[in-house]
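As a plain string of letters, each chain reads:
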Amino acid sequence: MRTNRRQFIKISALGAGGLAAVTSTTSLGGSFLGIFDSADPGRDIDFKRTATYCEVCFWKCAAWTNVDKEGNIVKIIGNDDDPHCNGRLCPRGTGGVGMYNDSDRLKTPLIRVKGENGAEDTFREASWKEALDLIASKMKGIKEKYGAESFALLKHGSSGAHFEHLFKAYGSDTIGEPAYAQCRGPREQGFGATFGSWVGSPEPTDIRDTKCLVLIGSHIGENMHNTQVQELAEAIDKNVTIITVDPRLSTVASKSQHWLPIKPATDIALMLAWMHVIIYDELYDDKYIKKYTYGFDELKQHVKNYTPEWAYGITTIEPTVIRETARKMADAAPAVIIHPGRHVVWYGDDTQRERAMAILNGLLGSWGKRGGFYLKEKVKIPKYPQPAYPHPKWGWEEVSEDFPLAQMGLTNEIIRSSIPEENTKHKVKAWFVSGTNLPKSIPDTKNLEKALDSIEFLAVCDTMPMDVTGYADVVLPECTYLERYDKLRSATNREPSIALRAPAVKPKYNSKPSWWMAKKLGERLGLEAYFDYNDYSEVIDWQLRKLGSSLKEMKRLGVKKFDRTSGPLYIADGEDYEFATNTGKVELYSTELADLGFDPMPKYTAHPEPEQGFYRLIYGRAPMHTFSRTSNNPNLSELRDENKLWVNPKVAKLWSLKNDQKIYLKNQDGVVTTFPIKVRITERIRWDSIYMVHGFGNANKKLSRSYGKGASDTEMITNVMIDPIMGGTGMRGNFVTFIIDLKSVES
Amino acid sequence: MRYAMAIDTKKCVGCSDCVVACQTENNVPEGFCRDWVTESVSGTYPQVEIELRSERCNHCEDAPCVRCCPTGASQIVDGGIVIVEHDECIGCGACIESCPYDARYVHPEGYVDKCTFCLHRVTEGLQPACVSVCPTKCMYFGDIDDPNSEISNMLKTRKQKTLAPEAGTNPHIFYLV
Ligand code: SF4
Ligand code: SF4
Ligand code: SF4
């Protein structure tokens, strides 16, 4: 699998002794006995605390970083005033300390050295000047040769935003992030086509007040999207009805009154039958439908034959259960949520599946209602003065133009445009990658490697030697979120709020914040005017003053809430309300999709099923990890340092598998995992599927805690089903079989 | 005054935040923990149930670890909290053998360590670290001698169990089921 031009460098090729490792371990100092001494001040009050918001996932919970007298980061505690966390971080946020303390961190810039006479490529340590000079000269070169548009940015998270600014100033809008086409894109377009509004993040689901929560393959509690989990618990206290549709007994399925162990890939059939019951048993609110929705009669006609009996044959869910659950939803309406989910790129008809969820919400009138979806709002952060960005000749929109509803850059299309043999209008020649570990976020590894082999230059910025750094020409070591300023957090919520991220300590090792890297690159490219500040705190302070606050105040508060200006949280009964769709109504029949030539209402399509001896690959989350990002974290890897393969006991018997037995997986295309995975025999999974947590099986030896632990599900995803509407990469149509004889692989 | 903990298994999602918060609060060395999460699965697909439990020292009323400790390092302090005075502990491990809950470990510095109910926080009027971090707020800590405390009310209204009651140690971690 290793290519010649961009030979993968296991960062270990660099002598361990070569790095100037300034280690500093967390120590609370003093003897344990001290804490029983009444003279001992409580630890909580003894620390210096600095405002931050968490970067271990995208929820961005505001928190306080606690630093002791010796300057060690001791713990991170949620900010009580923050609507994203209410003073309680999730395990990953609490374990964020480990991100700072991880001695495997990238410590200094690295530059690729070509191996001579067939020797392997290696990295050498470089100064910041060398590394940034090299990247700037490549950026200039690409611009002269092909145009700035040919230099693409693939990014995620807060650091990505600084490089986005740099790239736009430089003249490239060829920007994409896996968070769209490899994750939540379909739901934004499916709900957008129905309600004229994206779901967005955090999801505006009013879980705390809902009476009925319907989860379709969404596993809140295994994904620790903080307030979703908190409100789920609150709703359980208030006796919420939970209906979970999942081929696996997820944690939340075990807390549900109704667990529908559906045959995978048949969700749309179930939802069509639910619509049928709601419409033909007249469980909807006629007045609401007439006033607020468009296309009810068309929908009624459309679902006429989709009876629960019809769906039973497809989904294996009993008709009585389908009827009963439909009734439960209707009883709770409008305080009901058919949850859009988050990682929703499954079978290629994902926008249509999300449409089905949105239509159910529309039929039950839950959008804009207490216990359904609240009307979100956020603070608009004033724009720091800068020249206008140049207008590139082409960018992400042109690269993604085969997909009419792609509303963010498609990483998969940028990757395709980077492969010379692919027939694409525009050609991408170089990448800058920030904060996303592509080998774990992009399916079809071979294709990704083809692109990596073709591009002329790759710069990677990260805090850790993630797999993707092994392909880089230059590696930029970023300091963690605990050591830097970033943009103010402003995200949609019930109450608009902003949060500050300020450095609690100086960057460890020779790492730097990404705002600094972007500025220094900008200066080398003659773009000083876009970076008119010495320190990013100046930008923040300027913005805060415009908002009637200041850096000083925010350092004290961490979070500041603002009054709503867009109106009430909910739509009042009977209120004249215009949805931002073509018709101004909730579109049960989508005029937008019809105009574009797509099905205006979702249809069920049968998807391929596993052949004899193969099982459908289902992957998911563990609450203590954010994909591969945390797999090496010293605090979190202790809780789980590998993924296991969930196998139904019937299947285990058939293959004579034992618990913790190591096996390799091979998929339908003959691809075998790089590492073996341990078996976990459990009744929690269907016999036609296997399950594993995503983000393990790291191939970079420099990740001392996670290298080779568990297997990578992404490697098994070679059959990618593209959503024709928005270009998402459906990844749940892959089937694996087991290789028991380890030697047959290892020899 | 008698401290105890009630943990609602209907709400716990097994996220282990309680474990991480304990580690950072109490500087628990890498590779060890004072609390941990277990999952038990029963039934056959699709009639399957799981129970998730955050477990730790039960601060037993009749604590064998205290009884067998040759130096008196293991002791019961105010509020029924079982602690180990590290300076008096010789690391003989008798208590580890005697504990039916496997709640203790030998700290790399040679003494035995375990959950203290975050006594240093409790004396400051704070909740134990695990309780104050739990995203589902499924843990209730307080004085069961006070009939009006939140924990007393939970124990009055909810079905509950303790682990290994047959060991006869009178454990004080209650699981609401
Ligand atoms: S949900 Fe957890 S990981 Fe995500 S931002 Fe909040 S505390 Fe951090
Ligand atoms: S933090 Fe709370 S929800 Fe998470 S495992 Fe511990 S007790 Fe359960
Ligand atoms: S759980 Fe074990 S360590 Fe804790 S008091 Fe009981 S016997 Fe002692």
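Here the residue numbers are simple positions, counted from 1 along each chain's written sequence. All chains are assigned letters beginning at A, and all ligands numbers beginning at 1, according to the order in which they are written. Since the coordinates come from a predicted model, pLDDT governs what is reported: local features require at least 70, and pairs of side-chain atoms require 80 or more to be given and counted, while whole-chain, interface and lining totals use all residues. To obtain the side-chain values, all non-hydrogen atoms of the structure were used and water was disregarded.

Runs of H or I in DSSP of at least four residues are treated as helices and runs of E of at least two as strands, each being numbered from the N terminus. When helices and strands are tallied, chain A shows 24 helices and 27 strands. Counting only C-alpha atoms, chain A reaches 70 × 65 × 65 Å along its principal axes. Partly exposed residues are those whose accessible area sits between 20% and 50% of the maximum for their type, while under 20% is buried and over 50% is exposed, using a 1.4 Å probe and protein chains only. In chain A, buried positions account for 65% of the 747 residues. Using a 1.4 Å probe, the Shrake-Rupley method yields the accessible areas, and only the shown protein chains count as cover for residues. Only carbon and sulfur atoms are counted for the fraction: they give 49% of the accessible area of chain A, which is about 26600 Å².

With that out of the way, let us pick up the layout of surface pockets. Reported here for the second largest pocket is a volume of approximately 910 Å³. Here a cavity is any set of points on a 1 Å grid over the protein atoms alone where a 1.4 Å probe fits but cannot get out, and a pocket is any open set with protein on both sides within 12 Å along at least 5 of 7 lines; a residue lines the site when it has an atom within 4 Å of a point. In terms of lining residues, the second largest pocket is bounded by 36 residues, among which Ala253, Ser254, Lys255, Ser256 and Gln257 of chain A are the most central. In terms of residue count, strand S3 (residues 47-55) of chain B provides more of the lining of the second largest pocket than any other element does, five residues in total. Following the grouping adopted for this structure description, the nonpolar residues are Ala, Val, Leu, Ile, Met, Phe, Trp, Tyr, Cys and Pro, the charged ones are Asp, Glu, Lys and Arg, and the polar ones are all others, Gly among them. When grouped by side-chain class, the residues that make up the lining of the second largest pocket number 16 nonpolar, 10 polar and 10 charged. Grid points are joined across faces, edges and corners, and a volume is the space filled by probe spheres set on the points.

Okay, the site of ligand 2 next. Any residue with at least one heavy atom within 4 Å of a molecule or strand is counted as near it. Lining the immediate surroundings of ligand 2 are 14 residues, of which Cys12, Cys15, Ser16, Cys18 and Cys134 of chain B lie closest. Of the residues contributing to the shell around ligand 2, the split by class is nine nonpolar, four polar and one charged.

In this section: the domain arrangement of chain A. Residues and elements named next belong to chain A. The split into domains, and so the bounds of each, comes from an automatic or database assignment of domains. Looking at chain A, the domain boundaries give domain 1 (200-376) and domain 2 (615-746). Averaged C-alpha coordinates put domain 1 and domain 2 at centres separated by 29 Å. Whether two residues are in contact is decided by their heavy atoms, any of which lying within 4.5 Å being enough. Every contact between the two is made by 26 residues of domain 1 and, on the other side, 26 residues of domain 2. Surface buried jointly by domain 1 and domain 2 totals about 1900 Å² across both partners, of which 55% is contributed by carbon and sulfur atoms. One side-chain nitrogen of Lys or Arg within 4 Å of one carboxyl oxygen of Asp or Glu is enough to make a salt bridge. On inspection of domain 1 and its partner domain 2, the count reaches zero salt bridges. Under the rule applied, a polar contact is a pair of N or O atoms within 3.5 Å (in protein, one hydrogen donor and one hydrogen acceptor; residues adjacent in sequence only if both atoms are side-chain atoms). Linking domain 1 with domain 2 are nine residue pairs in polar contact (both at pLDDT 80 or more). Counted by class, the side of domain 1 that touches domain 2 contains 10 nonpolar, 11 polar and five charged residues. Buried area counts how much accessible surface, traced with a 1.4 Å probe, disappears from two parts once they are put together, with both parts' losses summed.

Residue-level contacts link 52 residues of chain A with 54 residues of chain B. Contact between chain A and chain B buries roughly 4000 Å² in total, counting both sides, with carbon and sulfur atoms accounting for 58%. Where chain A packs against chain B, one counts five salt bridges. Linking Glu39 of chain B and Arg684 of chain A is a salt bridge whose minimum nitrogen-to-oxygen distance equals 2.8 Å. On inspection of chain A and its partner chain B, the count reaches 14 residue pairs in polar contact (both at pLDDT 80 or more). Elements supplying a minimum of two residues to the side of chain A that touches chain B: helix H1 (43-46), strand S3 (73-78), helix H2 (91-94), helix H7 (226-237) and helix H22 (634-637) of chain A.

Next up on the list: the nonpolar core. Residues and elements named next belong to chain A. In this structure, Trp274, Met275, Leu299, Met329, Ile338 and Leu363 are the most contacted members of the largest nonpolar core, which totals 69 residues. Among the elements that line this core, the one with the most residues is helix H8 (residues 267-280), at 10 residues. The residues touching Leu363, leaving out its near neighbours within four places in the chain, are Met275, Ile278, Ile279, Tyr284, Ile289, Phe296, Leu299 and Leu588. Only buried residues count toward a nonpolar core. Its members are Ala, Val, Leu, Ile, Met, Phe, Trp, Tyr and Cys residues joined through side-chain atoms within 4.5 Å.

Glancing now at the pairing of strand S24 (residues 689-693) of chain A. Residues and elements named next belong to chain A. The buried fraction of S24 amounts to five of the five residues, a majority that puts the element mostly inside the structure. Both strand S20 (residues 615-620) and S24 contribute to a ladder of five bridges, which runs parallel. The residue bridging Ile618 from the neighbouring strand is Tyr691, located in S24. Two strands are said to pair when DSSP picks up at least two bridges between them.

Take the packing of aromatic side chains next. Residues and elements named next belong to chain A. Two aromatic rings, drawn from Phe, Tyr or Trp (for Trp, its six-membered ring), form a pair once their centres lie within 6.5 Å of each other, and the interplanar angle then sorts them: stacked below 30 degrees, edge-to-face above 60, tilted otherwise. With the rule as written, the count across this model stands at 36 aromatic pairs over all chains. Residues Phe195 and Trp367 carry aromatic rings whose centres are separated by 4.4 Å and whose planes lie at 10 degrees to one another, so their mutual orientation is stacked. Of this pair, Phe195 sits in helix H6 (residues 178-195) while Trp367 sits in the loop between helix H13 (350-363) and helix H14 (396-399); the two residues are 172 residues apart in sequence, bridging distant segments of the chain. Since its relative accessible area comes to 2%, Phe195 is described here as buried. Trp367 sits in the buried class, given a relative accessible area of 5%. Chaining the aromatic ring pairs together yields one cluster made of Phe151, Phe163, Phe167, Tyr170, Phe432 and Phe457.

Residues and elements named next belong to chain A. Counting buried positions over the five residues of strand S9 (residues 241-245) gives five, a clear majority of the element. Burial along S9 is two-sided: Thr241, Ile243 and Val245 facing one way and Ile242 and Thr244 facing the other are all buried. With five bridges connecting them, strand S8 (residues 212-216) and S9 associate as parallel partners. When the bridges of S9 are listed, Cys212 appears paired with Thr241. Note on the crossover from S8 through H7 to S9: the handedness is right-handed. Sheet analysis places S9 next to strand S10 (residues 258-260), joined by three bridges and oriented parallel. Opposite Val245, over in S10, you have Leu260 as the bridge partner. Looking down the strands as they point away from the viewer, one classifies a crossover as right-handed if the path from the first strand across the helix to the second runs clockwise.

Residue and element names in this part refer to chain A. Read from one edge of the open sheet, three strands run S1-S2-S3, paired in antiparallel fashion. Single-partner strands in this sheet number two, and they are strand S1 (48-53) and S3. Direction aside, the axes of adjacent strands within the sheet are offset by 30 degrees on average. Strand direction decides the pairing type here: S1 and strand S2 (residues 62-67), joined by six bridges, are antiparallel. Its bridge partner lying in S2, Ala51 is registered against Trp64. Each axis is a line fitted through C-alpha atoms, and for a helix only the stretch in contact is used; angles between axes span 0 to 180 degrees, taken between their N-to-C directions.

The residue after Ser201 of chain A, namely Pro202 of chain A, is reached through a cis peptide bond having omega -5 degrees. Look at the link from Tyr45 of chain B to Pro46 of chain B: it is a cis peptide, with omega at 0 degrees. If you check the backbone angles, Cys118 of chain B has positive phi at about 50 degrees while not being a glycine. Positionally, Cys118 of chain B belongs in the loop between strand S7 (112-113) and helix H4 (119-122). Given the relative accessible area of 7%, Cys118 of chain B is considered buried.

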